[in-house]
Amino acid sequence: NNIYWSTGTAATFAARCTMQGVIFAGTAITYAAGCTHNGRAFALGTACTLSSTVIGPARGAPPPPPAAAFPNDSTATAMNAVDGKKLGKGMKSNDGEVKRSYTMATDPVLYVFNGLAVVYEGAMTNGKVTVKTNEILKKADDSRYTCVVYQAGMMAYYSNECEIMFEKKLNFPLSPILLPGHGRFVLTWGDQPKDLDIYLLAPHHDASEAACEVNWRQKKCNSGGVRLDRDDTQGHGPETVSLEKFNTGDYVVRIDEYKGNPSAPKWDKSIAQVTYYSPHLGAIHMEVGQQGYIAGRVWYVMMVDGASHAPLPCTPELCPERPAPRN
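Described in the following lines is the structure provided in the data block. The structure presented is a predicted model; accordingly, all values stated were derived computationally and were not measured.

### Digging into the sheet that holds strand β19 (residues 169-176)
Thinking step 1. Ordered in space as β14-β9-β19-β17, the 4 strands form an open sheet in which the pairing is mixed. Either end of the sheet is taken by a strand with one partner, and the two such strands are β14 (128-131) and β17 (154-155).
Thinking step 2. Pairing analysis gives 4 bridges linking strand β9 (residues 74-80) to β14, with the strands arranged antiparallel. Bridged to S74 within β14 is V131.

Rendered as structure tokens:
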């Protein structure tokens, strides 16, 4: 559920393929005979073509019926993870790679799922949509829905623990499509705490040199190859770090509760999540309390191998505790 793929054109799978995750294609999706896909497939332009193909997890009991209406509407805004600006048709956007901006051709679309069933689909006109209380109902077990936001020219946003209808306002950050060999980390959170900060420990290209940690105080490392694109101090995020290249070694992501009390951190209220974007891996989504570990006011999220670009959730062994950031 926390791996997804996005392509602006068509996606074609060879015979007897095995696929994991959620895939979005700008036009068509075609499966040759004998494919097995554990996940979901969305062809936004034309159709999905199947030939002796199995899609979805093993069959089980249907999801429980909705229980009741939510007390408040929920307004969702699609934002560029690099500059924090709204994403809507005709709006200017920037990919963080070059100064020149480009114009978005379409509005984003919000999809909300209960298991494999679509319970809401709506265009985010001018980058925003308000979901009414009668459009999505509470689940009987009061659990969260899955949200996906797709827009041409951006990597799709995905969360299987979405706060839609539980929060009055939500920001959905979308990453511009990355160049090969690049990477991006995006932090978002809820109403509390007011300020979280992303820190990325990046190895130097010369192994004899000390690693450098990008953060709100030091916004660039390794001659600008690692940079903090956006720092948010008013809540929700996004806070974003981008990489133009990977050096050999381990990259460690940790999140600090700014001026938080180490004895009483607010992680249980934060709904904090970090998404790692990679051109050849897609997007990997990690949530506080689900992946990584907590040490006082610091959440150690993930370690990314500089050679393979593959992420692993932090453990004390993979990501040894470092001195708490200076506030």
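Continuing now.
### As for the nonpolar core
Thinking step 1. With 29 residues, the main nonpolar core has F185, I255 and M302 as its most contacted residues.
Thinking step 2. If we ignore the near neighbours within four places in the chain, the residues touching F185 are I198, L200, E239, T240, V241, L243, V253, T275, Y276, M302 and V304.
Thinking step 3. Counting 23 residues, the second-largest nonpolar core is a separate cluster that includes L110, V112, C162 and I164.

### Here we look at the state of the cysteines
Thinking step 1. For the coordinates displayed, the defined rule picks out 4 disulfides.
Thinking step 2. In this model, C147 is linked to C162 through a disulfide, with the two sulfur atoms separated by 2.1 Å. Where C147 bonds to C162 through sulfur, the torsion about that S-S bond is close to -80 degrees, and the disulfide is left-handed. Taken together, the residues span a long stretch of sequence, with C147 in strand β16 (residues 145-150) and C162 in strand β18 (residues 157-162) at a distance of 15 residues.
Thinking step 3. Accessibility expressed as a relative area gives 2% for C162, which makes it buried.

### A word on the pattern of salt bridges
Thinking step 1. All told, the structure shown has 8 salt bridges when counted by the stated rule.
Thinking step 2. The shortest N-O distance in the salt bridge between R144 and E163 comes to 3.1 Å. Linking R144 in the loop between β15 (137-139) and β16 with E163 in the loop between β18 and β19, this pair joins segments that are 19 residues apart in sequence.
Thinking step 3. Given the relative accessible area of 10%, E163 is considered buried.
Thinking step 4. A salt bridge links E213 to R254, with the nearest nitrogen and oxygen atoms 2.9 Å apart. Of this pair, E213 sits in strand β22 (residues 212-214) while R254 is found in strand β26 (residues 250-257), placing the two residues 41 residues apart along the sequence. Each member of the pair, E213 as well as R254, carries the same accessibility label: buried.

Reading guide: rules and limits
Residues numbered from 1 in each chain as written. Predicted model: local features only at pLDDT ≥ 70, side-chain atom pairs only at ≥ 80, totals over all residues. Heavy atoms only, no water. Pairing = 2+ DSSP bridges. Helix = DSSP H or I, 4+ residues; strand = E, 2+ residues; numbered from the N terminus. Core = buried A, V, L, I, M, F, W, Y, C linked by side-chain atoms within 4.5 Å. Buried < 20%, exposed > 50% of the residue type's maximum accessible area, 1.4 Å probe, protein only. Contact = heavy atoms within 4.5 Å. Disulfide = S-S within 2.5 Å. Salt bridge = Lys/Arg side-chain N within 4 Å of Asp/Glu carboxyl O.

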